[in-house]
Protein chains: 2
Amino acid sequence: MDHNPEPRKTRIQTENEARILDAALDAFSLHGFRGATVDQIAEGAGMSKPNLLYYFRRKQDIYEALIDRLLDTWLEPLESLNENGDPIPELRMYIRRKLEMSRDFPRESRLFANEILQGAPRITRMLETRLKELVDEKSEVISGWMKAGRLNKADPRHMIFSIWSTTQHYADFDVQVRAVLGPDRGGDGRFEDAARYLETLFLDGLKPRP
Amino acid sequence: MDHNPEPRKTRIQTENEARILDAALDAFSLHGFRGATVDQIAEGAGMSKPNLLYYFRRKQDIYEALIDRLLDTWLEPLESLNENGDPIPELRMYIRRKLEMSRDFPRESRLFANEILQGAPRITRMLETRLKELVDEKSEVISGWMKAGRLNKADPRHMIFSIWSTTQHYADFDVQVRAVLGPDRGGDGRFEDAARYLETLFLDGLKPRP
DNA sequence: ATAGAGTTTTATCAAACAGTCAATTTCCGT
DNA sequence: ACGGAAATTGACTGTTTGATAAAACTCTAT
């Protein structure tokens, strides 16, 4: 007996929803929720506004679908921080993966940045539950490494913040980074420079040792 | 002969412009340029919309006045990095002052973050000239310190980025920081924790030394 | 090939928006 | 106290915005 079955999606539905979400990511990541318009998204997706609203009845529905879809991807690098690994390689890997995400998914990074910047009205609960629990758990891991003398002692939560901020900076403040570095260091060279610098910073710091 | 003299401002004019800019800072820092509305700003400033537009004829004029007014304050800490000082105290001071600015002027930080995040359409020129020149100049200073062995060798421009991102994070991502830290570490305790952590990170890094 | 579900468009709406204008009220130096 | 400048307001305009309704069209399983 299949009562109330999951409505299975048609080919057109799948395609159009994907095109809408892609266009919406462009718009929302650049202008935030309020600044982006449905017309804009519809044009980006190559369809009329009423047709777009046939797939997502309200503007907010598109936005929420986007956020839901991106959350797992976004938190995955931290989730895979392995308690049983060596702290230094684990850390190095985490930083590199976050930096790669800034390079490969800058729109996603800006979407979250916009949401937080604007007070996170739509994801406060998530921040206080899922995100907090994940950070609490991984802070314990890091704290354990520190107590065992395998990492310098420092506040693990602020340490996570510093990894987030330094890596996401290259996506969120891309325009500024480009302007300051000038046209010379574009492309992959820039990414490698950033990776090398962050490794030095996080492992060795800036104070010379005798 | 005083031809075309500067129109001197009345008391009311001075007061109202200040109230408008303050309300505008609230609105723009929270919603960005497109997301903020003139009605909203007028209400925040406690006056009618036509009256507000009597002082600033266009929405964009308010925004530009705000940015102009804030730029000097914002760049001052980097500008006062002193070539002839000791690198470590200079660095420590710069980080602390940037962190204090995030604590004392979070709205200003968010305003800039919003502008950059949305592609910096109104300040691209400034980024490519004034900001780039300042960073170039101070990068030379830092580079000199490194060549003299007074700082670890690392890319000075990325070093500046990392100081900006880690300190501004506490203003721009305040909601997230609060959610993750929980209600316990509120107020000044949080600030001191961050200051202590960043000092450890930037000076010593996280890898333990024998 | 065709019926019915699925898709798209035209036309339209009310609310929100930035900005204008003329008329009124308040301020302030004399 | 008064006259002109400065300040304030209500009423309004044209546009953009999110959203709806109904009609027309297209796809697909049988």
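Just so it is clear, the model here is predicted, and its values are computed rather than measured.

## A few points about the overall build of chain A
Summing up its helical and strand segments, chain A has 10 helices and zero strands in all. Counted from the first residue to the last, chain A has its helices and strands arranged as α-α-α-α-α-α-α-α-α-α. Expressed along its principal axes, the backbone C-alpha trace of chain A runs to roughly 70 × 55 × 30 Å. Counting across all 210 residues of chain A, residues that qualify as buried make up 53%. Considering only contacts in chain A between residues 6 or more positions apart, those separated by 24 or more positions represent 69%.

## Some details on the nonpolar core
Judged by nonpolar contacts, the single largest core of 142 residues is most densely connected at Phe28(A) and Phe28(B). Beyond its immediate sequence surroundings of up to four residues, Phe28(A) is in contact with Phe33(A), Ala36(A), Ile41(A), Lys59(A), Ile62(A), Tyr63(A), Leu66(A), Leu111(A) and Asn114(A).

## Notes on the relation of the copies chain B and chain A
Aligned on chain A, chain B shows an RMSD of 0.1 Å; the corresponding rotation is 180° and the shift along the axis is 0.0 Å. The relationship between the two copies is best expressed as a two-fold rotation axis. Identified as the residue of chain B closest to the rotation axis by C-alpha distance is Gly205(B), at 1.9 Å.

## Comments concerning the protein's contact with DNA strand D
Taken together, 21 residues sit near DNA strand D, with Val38(A), Lys59(A), Thr10(B), Asn16(B) and Tyr55(B) positioned nearest. Of all DNA strand D atoms lying within 4 Å of any protein atom, the proportion belonging to sugar or phosphate reaches 64%. The side chain of Asn16(B) places a nitrogen or oxygen atom 2.7 Å from a phosphate oxygen of DNA strand D. Between a phosphate oxygen of DNA strand D and a side-chain N or O atom of Ser48(B), the distance comes to 3.1 Å. Counting residues per element, the ones that place at least two in the surface near DNA strand D are α2 (38-45) and α3 (49-55) of chain A together with α1 (11-35) and α3 (49-55) of chain B. In terms of residue class, the surface near DNA strand D is built from eight nonpolar, six polar and seven charged.

## Quick notes on the interface of chain B and chain A
Each side of the interface is counted separately: chain B has 64 residues, and chain A has 64 residues. Of all residues in chain B, Leu117(B), Val180(B) and Leu206(B) give up the largest surface area on contact with chain A, accounting jointly for 13% of the area buried on that side. Summed over the shared surface of chain B and chain A, the result is two salt bridges. Elements with a minimum of two residues in the side of chain B that touches chain A: α1, α5 (87-104), α6 (106-117), α7 (124-147), α8 (156-172), α9 (174-181) and α10 (188-204) of chain B. The element contributing the most residues to the side of chain B that touches chain A is α8(B), with 12 residues. Classifying every residue of the side of chain B that touches chain A gives 29 nonpolar, 20 polar and 15 charged.

## Focus on the domain arrangement of chain A
Residue and element names in this part refer to chain A. Along its sequence, chain A is organised into domain 1 (7-57) and domain 2 (69-204). On a C-alpha basis, the centroid separation for the pair domain 1 and domain 2 is 29 Å. Taken together, the contact between domain 1 and domain 2 spans 10 residues of the former and nine residues of the latter. Both sides of the domain 1 and domain 2 interface together cover about 810 Å² of buried area, and 55% of this is carbon and sulfur. Put simply, domain 1 and domain 2 have two salt bridges between them. Across the pair aspartate 22 and arginine 107 runs a salt bridge whose closest N-O atoms are separated by 3.1 Å. Across the domain 1-domain 2 interface, the total number found is three residue pairs in polar contact (both at pLDDT 80 or more). A class-by-class count of the residues in the side of domain 1 that touches domain 2 yields five nonpolar, three polar and two charged.

## Considerations on unusual backbone geometry
Negative phi is the rule for most residues except glycine; trans is the rule for most peptide bonds. Even without being glycine, Ala120(A) reaches a positive phi, approximately 50°. Secondary-structure assignment places Ala120(A) in the loop between α6 (106-117) and α7 (124-147).

## Considering the packing of helix α1 (residues 11-35) of chain A against α2(A)
Residue and element names in this part refer to chain A. Relative orientation of the contacting elements α1 and α2 amounts to 150°, with a least axis distance of 8 Å. By the angle between their directions, the pair α1 and α2 is classed as roughly antiparallel. In this structure, α1 crosses over α2, and the sense of that crossing is right-handed. Between α1 and α2, the contacting residues are Arg19, Ile20, Ala23, Ala24, Ala27, Phe28, His31 and Gly35 on the first element and Gln40, Ile41, Gly44 and Ala45 on the second.

Quick notes on the rules
Residues numbered from 1 in each chain as written. Chains lettered and ligands numbered in written order. Predicted model: local features only at pLDDT ≥ 70, side-chain atom pairs only at ≥ 80, totals over all residues. Heavy atoms only, no water. Helix = DSSP H or I, 4+ residues; strand = E, 2+ residues; numbered from the N terminus. Buried < 20%, exposed > 50% of the residue type's maximum accessible area, 1.4 Å probe, protein only. Contact = heavy atoms within 4.5 Å. Core = buried A, V, L, I, M, F, W, Y, C linked by side-chain atoms within 4.5 Å. Least-squares fit on C-alpha atoms with pLDDT ≥ 70 in both. Near = heavy atom within 4 Å. Polar contact = N/O pair within 3.5 Å; in protein donor to acceptor, adjacent residues only side chain to side chain. Nonpolar A, V, L, I, M, F, W, Y, C, P; charged D, E, K, R; others polar. Buried area = accessible area lost by both parts, 1.4 Å probe. Salt bridge = Lys/Arg side-chain N within 4 Å of Asp/Glu carboxyl O. Domains from an automatic or database assignment. Axes fitted to C-alpha atoms, helices over the stretch in contact; angles between N-to-C directions. Parallel < 35°, antiparallel > 145°, perpendicular 65-115°, else oblique. Left-handed = near helix turned anticlockwise from the far one by under 90°.

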